[in-house]
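Reading the structure
Here are the chains, one letter per residue:
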Amino acid sequence: MNVGNVLLATAFTVLLGATGILARAYLADDDRHVGYVTILTGAGAVALAGALAQLTYQFVVTDYSNAYVWNNTADYLPLLYRVTGVYAGNEGSILLWAALTVLVAFTAGVIRGFPDRHSKLVHAITFGIVTYFVGMLLLQSPFASIRTEFANAPPGYIPTSGEGLNPLLVDPYMAIHPPVMFISYALLTMPFAIGAAHFVSLFRGDGSVFAAWRGSVTRWLRVSWLFLTVAVALGGLWSYTVLGWGGIWAWDPVETAILVPWLFLTATVHAVVRYRPNDEYRILAPAMTATVFSLAIYTTSIVRSGTFRSVHSFADGGIGISFIVLMVLTSVLGVVVPLAYWFLQDDEATGSDGAWLTRDNLLHAAVLLFGLLTFVSLWGLSFPVLRAAVTGVEVSVESHYFNLWSYPLVGVALLLLGFYMDFDVEGRRRSLAGLAVFGTAAVVAAFVAPSEIWQLYPSPPTQSPIYGVLGSISVLSILPPAAYAILGVTKRALARIPAAADRGAVFKETGITAIHVGAVLLVLSLPFMYMFAGQASAIATGVASESVDTSYQDVAGTDYSVRVLDYTSNEFPQNPEPESYALSTDQVAARGPSLNGTVQAVYGTVTDVRRGPQATVIQLDGSRTWVGVIQRNETAGNFSVQTGQGLVARGRLMWNFVPNADATVLASPQAIGSPANPPEGVVPTRVQVDGVSLAVYEDGKLVTSGVAGQREYPQQGNMQVRDVLIDRGLVTDTYVIAGVSDGTASMTVKQVPLMSLLRLSLVLLVAGMSTVLVFDPEHGIQTLTASTASSTDVEPEATD
């Protein structure tokens, strides 16, 4: 058993012990041994962090004795992308998820302690989840030996090069996106445990858990929302710069999978702030809190089911029974148990005085709308899996389904947002008048389409009347609701910020305003970005020769023209040091018979040359490693062999093949050469980069210039990744994709509107939530650090 597996086994043992102690203490109301829990969980956190560090180290040094490392990295990759390989597959991503979750759970345990039965139950659930993750890793370890890949290789065999990282992951956005997402998912563990423990406790007659933890839940949810928003944004920007979509969203299954918990998390954040133990949201808020993590597990599970063909499916090694069991467990605790309790209880109190038009009911409606939006995405994601499971037929849900069903809900949500904010400031009568004006304007605008391009989907693929109606809606209809929402948010901010009681309240209101403005701008930018993105193509010939066509190429149907200025073609790695791709004679001796029968590259200094009638044998470094070449004359291929010169060779290595030699590398004449100029077969090309330097003009004026082309990875099925050229304008991005093949450059120039508005919206969302998270007078981090945790989780009072 290697170090990594020992660390995993240690973590599993101590965390299982901690979970068992807490579970027993809760069930038997017996505090014996509870004092050991902090020590055990601390040990578990250290062991898991150590396992993650060990795996990361193996990636950094490219330790190919580990099968997972061999599958997901290679020496030619820069350090950043060798580290990215840690979470490129199922095993590493689960280890990262588990390590982050145990840190969250351990921190919560240290801060809150285990003073009562409720806290013991909450922490038993969180540590139980981590224990389960570690159990999964023991069954499918990221530290499995390379012999799992090469079962017939000699004992001790270690490859000299790795398979490499998925080319789509070789990007800075993708180096950051997965850890940020898993931080969010790890943070969701605590709200899940609190929500689940709440209903378990209620069923057992032990009273509420949620009320005492409400402040903590609010902070966990907000931090998680912040990280998940950043993760979604990073993923979208990666799609924009790498995939050549000309936009950030395409309803790819993995994109949708992260959107589902984000939408429901947004609804949950709204519900929790209105939670009252004996009144509003007394069932719904804890239930939603428990459900968010369950949705994250569910969506993660189904996109790894193998049904989807996603460009994001980097970890699609199959779902496995262990993930199905986890999905069932979290669904039972996070969905079934709360639903069962809700069915057995009376309806929730409305908290109103009988009037239907109240702030509480408006917030109920907002939560409902986010729930419906979540369902649209969830059903679109689940239907292909359910259909395949029932009928065996694989189907896909196209983007028009998501667009057509989401659009009306988003429009209503904007109207509701404007009305809610207006209601806060203007009261019932004037706000109803505002809603009538903007609502009517939205309905009228839905029928105003200057041309077919303004319609959502003028020719839906089915004859369904509902699709026909939805598809004919003009995108102009989004403008009145967006304007109403911006107006309402601004009016409320102008009324409430000056009247705020203290600095914290000012910052909180400012943050809330930024979040809602950012959300409106995001919604506003997305449909226009896609519906009004224009594109056209041009072709330049002779780019791979001296006769490169540098003339202006008009881009048909646009005001653009392009000129190809130069052509570049490079292979990587370039001039690599021999130790990066070949074994030294000392390494050959150290690995010994484990190399017998394998194909290896070796390097060294020629110390002896013996020529026979049918072959030449070459000694390296005065060692017992020889290179054998079937060659009668003094040269081997184009390489003249002389003592004292450097040599690299690649061939099948035979151990004890001839007397007076331990290792003999049987190489063809074409597979030996000098380290300065190794043959192509000795140093395989990892990346072939082809690009054209080009200039883009609009109405004869230079818009942008740079290089566009593609990277091809011969070792990975000739997979290609586009290098796009983007000129980020204030209103419109100019986006150029070029494909270079057989001396011809095929260029597509796109105009992508409102990307700057979208970027601004993302900044507002993140900055706004960060501000609220820190400065909220009731549940902000600043408040938490200025008081004890217990004093912040008091009986909730009215808040917003």
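For the structure itself, consult the block above.
Attention in this report is confined to the structure presented alongside it. Source: prediction; values computed, not measured.

Reading guide: rules and limits
- Residues numbered from 1 in each chain as written.
- Predicted model: local features only at pLDDT ≥ 70, side-chain atom pairs only at ≥ 80, totals over all residues.
- Heavy atoms only, no water.
- Axes fitted to C-alpha atoms, helices over the stretch in contact; angles between N-to-C directions.
- Helix = DSSP H or I, 4+ residues; strand = E, 2+ residues; numbered from the N terminus.
- Parallel < 35°, antiparallel > 145°, perpendicular 65-115°, else oblique.
- Left-handed = near helix turned anticlockwise from the far one by under 90°.
- Contact = heavy atoms within 4.5 Å.
- Nonpolar A, V, L, I, M, F, W, Y, C, P; charged D, E, K, R; others polar.
- Pairing = 2+ DSSP bridges.
- Salt bridge = Lys/Arg side-chain N within 4 Å of Asp/Glu carboxyl O.
- Expected span 1.5 Å × (residues − 1).
- Phe/Tyr/Trp six-rings, centres within 6.5 Å; stacked < 30°, edge-to-face > 60°.
- Buried < 20%, exposed > 50% of the residue type's maximum accessible area, 1.4 Å probe, protein only.
- Lys NZ or Arg CZ within 6 Å of the ring centre and 35° of its normal.

A few words on the packing of helix 5 (residues 90-112) against helix 7 (residues 172-187). Look at helix 5 against helix 7: their axes get within 8 Å of each other, and the N-to-C directions meet at 45 degrees. Comparing the axis directions of helix 5 and helix 7 gives the class oblique. Considering how the two elements wind past one another, helix 5 and helix 7 form a crossing that is right-handed. For the pair formed by helix 5 and helix 7, the contact residues are S93, L96, W97, L100, T101 and V104 on the first element and P179, F182, I183, Y185, A186 and L187 on the second. Residue composition of the contact of helix 5 with helix 7, by class: 10 nonpolar, 2 polar and no charged.

On to the sheet that holds strand 13 (residues 701-713), then. An order of 2-3-12-13-14 is seen for the 5 strands of this open sheet, with the pairing classed as antiparallel. Every interior strand has two partners, whereas the edge strands, strand 2 (553-554) and strand 14 (719-723), have only one. In this structure, strand 13 lies alongside strand 14, joined through 5 bridges in antiparallel fashion. The partner of E712 across the bridge, within strand 14, is Q720.

Tallied over the entire structure, the rule returns 21 salt bridges. The network of salt bridges with shared partners includes R359, D424, R492, R496 and E509.

This part covers helix 5. Taking 1.5 Å per residue, 23 residues should reach 33 Å; helix 5 reaches 32 Å between its end C-alpha atoms and fits that length. Just downstream of helix 5 lies G113, where phi reads positive at about 70 degrees.

Before going further, it helps to examine the pairing of strand 3 (residues 560-572). Two faces belong to every sheet, and in a regular strand the side chains alternate between them. As defined by bridge partners, strand 2 adjoins strand 3 across 2 bridges and the pair is classed as antiparallel. When the bridges of strand 3 are listed, D554 appears paired with S561. Following strand 2, the chain reverses through 5 residues before pairing antiparallel with strand 3; G557 in that reversal takes a positive phi of roughly 80 degrees. Looking at chain direction, strand 3 and strand 12 (residues 687-698) are connected through 12 bridges and run antiparallel.

This next bit is on the packing of aromatic side chains. Aromatic ring pairs: the centre-centre distance and the angle between the two ring planes describe each pair. Scanning the model with the defined rule gives 26 aromatic pairs in all. Considering the side-chain rings of F438 and Y484, the 4.6 Å spacing of their centres and the 15 degrees angle between planes classify their relative orientation as stacked. Taken together, the residues F438 in helix 14 (residues 399-445) and Y484 in helix 16 (residues 479-496) connect sequence positions 46 residues apart. We classify Y484 as buried; its relative accessible area is 1%. A network of ring pairs unites the aromatic residues W97, F133, F182 and Y185 as a single cluster. Directly above the aromatic system of Y26 lies the positively charged group of R117, at a separation of 4.9 Å from the ring centroid. The side chain of R563 reaches across the aromatic face of Y552, ending 5.1 Å from its centre.

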